[in-house]
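Single-letter residue listing:
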Amino acid sequence: MDDVTRRVEAVIFTSPRPVGSDELAAACEERGERVNDALAALGAHYAAEGHGIELVEIAGGWQFRVASDCEAPVERFAGARRPDELSPALLETLAVVAYLQPTTRAEVAQVRGVSSEWALGALMERGLVEERGRADTPGAPILYATTTRFLELFGLRGLQELDDLERFALSADETDELRARLLANAERRRP
Amino acid sequence: MTGRDRGTATSVATAAPVAGPLDGLRVELDVFDGPFDLLVTLILRDEVDLWEIRVSRIVAEYLLRLADSDDFDLEATSHFIVLVAALLEMKSRRLLDVGGPFADELDELDDRAAGEELLASLLRYAQFKGAAARLAERFATHAGRLYRSVPVPARFQSAASDGPALPARTLADALGVLLEEPPAPDARHITDIAVTLVAELRRLRDLLVDAESFTFSAVAPRDRVEKAVTFFALLELHNRGEVRLRQSRPFAEITVTRGVPTRVDGPAAWPTADDDETASDDALAVVG
């Protein structure tokens, strides 16, 4: 392992959070490309040698992660528990914030059709959503956005990795059927 | 629930829920996660004819959910009301003879636009619902992964602040001021209205014993509310026939003349149309 790779390994080892390649370049006093090469080499090394930990790119940086087959002893040692499941209402609210961020409580409620005050509070308690300033509109409502922890928990390198919202649109057939049932039925029933 | 359910109310509570793997463990045991969820599921998955659904059931279900939850979002509920109203309007228009006597009113209400708006909301909601399901998949895969967790280094745990150090006693005294009860506000300047209807009736009657007539402005108090009470007393006397009221034109002086009582007790007699010396109620206007 060359010198740069060793230094990058040392920095990432000590960090409790994902480290961006810019931070690594500054800390190691190296150019970006050298750091990127080192990251690739480091990741390959850990994978090839079958270590109990692996190097992953997540939440906008790089971090060591426990290999999935080694989780049990770590959980016993550290007393770590899997995070509680998220209810559909929380997931829905989280999806709206993730895709529309920064967004207001009112906008979330408008999309979901129900009050989202409780859901936003619960998501903030879990560290998945945070307040990020206020909107420039009358009333200056609070803006909400997702956190780094959200990216970590959902295995995302960054928000750009979220699936395209278009993918979840109803099919043309379903849309037509929905429209037909809402409007055309009225025509059919006209006396 | 499959197939059509004509004629009978589609019970929201018993319709097939959008079940997840952990239904029983969730704290909020909602069958549907909102009215849009409800509508989209009912229409698309359960293939229920929208026009057979009892909107009252949807509203009742929503009210139950509101009663259960602690927070109340005025905006979201208003939005729900608007959309349910659009739904109701679409349904109700079919009951009316379009083109008949109600045609003018209905021209303003565009059921197509209302339907399109409801459709757009439902489509948008459906997208996020799909995105949420995808997030659930990701969570199942990634949420259990373990990373390095490191506590705050000891040398940062007890960092001194840069600001001036104050003795604890000073801070406690400062906060203590906030905990004191504020003095009760002085309400002595607020008084009751000095004039009551009963008292005014008595006063005016006393005046009428001595004087056969007087003007309203001569006997009315300065305060507006008290003036109104006096005027009301005058009207009461007028109804009983004890006085006759005359006003040459609107907002002119009102002349009060002693009249002949038509009744001592019982309901007041209204002046008749041919009694043109007595001012009608419409022409009377309070001066000032």
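About the thresholds
Residues numbered from 1 in each chain as written. Chains lettered and ligands numbered in written order. Predicted model: local features only at pLDDT ≥ 70, side-chain atom pairs only at ≥ 80, totals over all residues. Helix = DSSP H or I, 4+ residues; strand = E, 2+ residues; numbered from the N terminus. Buried ≥ 20, exposed ≤ 12 C-beta atoms within 10 Å, placed from the backbone. Contact = placed C-beta atoms within 7 Å. Expected span 1.5 Å × (residues − 1). Pairing = 2+ DSSP bridges. Axes fitted to C-alpha atoms, helices over the stretch in contact; angles between N-to-C directions. Parallel < 35°, antiparallel > 145°, perpendicular 65-115°, else oblique. Nonpolar A, V, L, I, M, F, W, Y, C, P; charged D, E, K, R; others polar. pLDDT = per-residue confidence, 0-100. Core = buried A, V, L, I, M, F, W, Y, C linked by C-beta atoms within 7 Å.

This part covers the overall build of chain A. The number of helices and strands found in chain A is nine helices and five strands. For chain A, the succession of helices and strands along the chain, N to C, is α-α-α-β-β-α-α-β-α-α-β-β-α-α. Looking at chain A as a whole, 30% of its 191 residues qualify as buried. Of the contacts made within chain A by residues no fewer than 6 positions apart, 47% connect residues no fewer than 24 positions apart.

Below, the discussion takes up the overall build of chain B. When helices and strands are counted, chain B shows 10 helices and three strands. Going residue by residue from the N terminus, the α and β elements of chain B occur as α-α-α-α-α-α-α-α-β-α-α-β-β. In chain B, once contacts between residues fewer than 6 apart in sequence are set aside, the share between residues at least 24 apart is 65%.

A few words now on helix α1 (residues 3–14) of chain A. In a regular helix each residue adds 1.5 Å, so 12 residues correspond to 16 Å; α1 of chain A covers 17 Å between its end C-alpha atoms and thus fits that length. On the buried face of α1 of chain A, the contacting elements are α2 (21–28), α3 (32–48) and β2 (61–66) of chain A.

Within a sheet, each strand pairs with its neighbour through backbone hydrogen bonds, oriented either parallel or antiparallel. All names here are of chain A. Spatially, β3-β5-β4 is the arrangement adopted by the three strands of the open sheet, whose pairing is antiparallel. A strand with exactly one partner marks an edge of an open sheet, and here the two such strands are β3 (103–104) and β4 (129–134). Bridging between β3 and strand β5 (residues 142–146) involves two bridges; their strand directions are antiparallel. Paired with Thr103 across the bridge in β5 is Tyr144. Running at roughly 95 degrees to β5, helix α5 (residues 88–100) makes contact with β3, β4 and β5 of the sheet.

Residue and element names in this part refer to chain A. As judged from the six bridges shared by strand β1 (residues 53–58) and β2, these two strands associate in the antiparallel manner. Counted as the bridge partner of Ile53 is Val66 from β2. What sits between the antiparallel neighbours β1 and β2 is a turn of two residues, in which Ala59 has the positive phi angle 50 degrees.

Further remarks concern the environment of Leu91 of chain A. Along the chain, Leu91 of chain A turns up in helix α5. Counting along the chain gives 28 residues from Leu91 of chain A to Ala119 of chain A, while the straight-line C-alpha distance between them is 9.1 Å. Sequence-distant contacts of Leu91 of chain A, defined by excluding residues within four places in its chain, comprise Leu86 of chain A together with Ala132, Leu135 and Ala136 of chain B.

The next subject is unusual backbone geometry. Following Gln101 of chain A, the chain continues to Pro102 of chain A via a peptide bond in cis, the omega torsion being -5 degrees. On the secondary structure map, Pro102 of chain A appears in the loop between α5 and β3.

Our focus in this paragraph is the packing of α1 of chain A against α3 of chain A. All names here are of chain A. For the pair α1 and α3, interaxial distance at closest approach is 9 Å and the crossing angle is 75 degrees. Relative to α3, the element α1 lies roughly perpendicular. Contacts from Val4, Thr5, Val8 and Glu9 in α1 reach Arg34, Val35, Ala38, Leu39, Ala41 and Leu42 in α3. Here the contact of α1 with α3 is composed, by residue class, of seven nonpolar, one polar and two charged.

The next thing to look at is the sheet that holds strand β1 (residues 213–215) of chain B. Residues and elements named next belong to chain B. The strand order β1-β3-β2 describes an open sheet built from three strands, whose pairing is antiparallel. Lying at the two open borders of the sheet, with one neighbouring strand each, are β1 and β2 (243–247). Here the average twist between neighbouring strands, direction ignored, is 20 degrees. Relative to the sheet, helix α10 (residues 224–239) contacts β2 and β3 (254–258), its axis offset from that of β2 by approximately 120 degrees.

This part covers the packing of α2 of chain A against α3 of chain A. Residues and elements named next belong to chain A. Running from amino to carboxyl end, α2 crosses α3 at an angle of 110 degrees, the nearest separation of the two axes being 9 Å. The pairing of α2 with α3 is recorded here as roughly perpendicular in orientation. From α2, Ser21, Leu24, Ala25 and Cys28 reach across to α3, where they touch Gly32, Val35, Asn36 and Leu39. For the contact of α2 with α3, the class distribution of residues is five nonpolar, three polar and no charged.

Residue and element names in this part refer to chain A. With respect to the helices and strands, the residue Ala67 is situated in the loop between β2 and α4 (71–78). As for Ala67 and Gly52, which are separated by 15 residues in sequence, their C-alpha atoms are 5.4 Å apart. Those residues in contact with Ala67, other than ones at most four positions away along the chain, are Gly52, Ile53 and Glu54.

Our next topic: the confidence of the model for chain B. Residues and elements named next belong to chain B. Mean pLDDT over chain B works out to 69, with 56% of the residues at or above the 70 mark. Here residues 1–32 is a poorly scored stretch, pLDDT under 50, and it has 49 contacts once near neighbours within four places are set aside; other chains count. Scoring the predicted complex yields pTM 0.52 and, for the interface, ipTM 0.84.

Core analysis: the largest hydrophobic core is formed by 37 residues, its most contacted members being Leu91, Leu94 and Ala95 of chain A together with Leu135 of chain B. When residues of this core are traced back to their parent elements, those giving at least two are α5, α6 (105–112), α7 (117–125), α8 (148–153) and α9 (172–188) of chain A together with α5 (111–142) of chain B. Per-element tally for this core: the top contributor is α5 of chain B, with nine residues. In contact with Ala95 of chain A, not counting residues within four places along its chain, are Phe128, Ala131, Ala132 and Leu135 of chain B.

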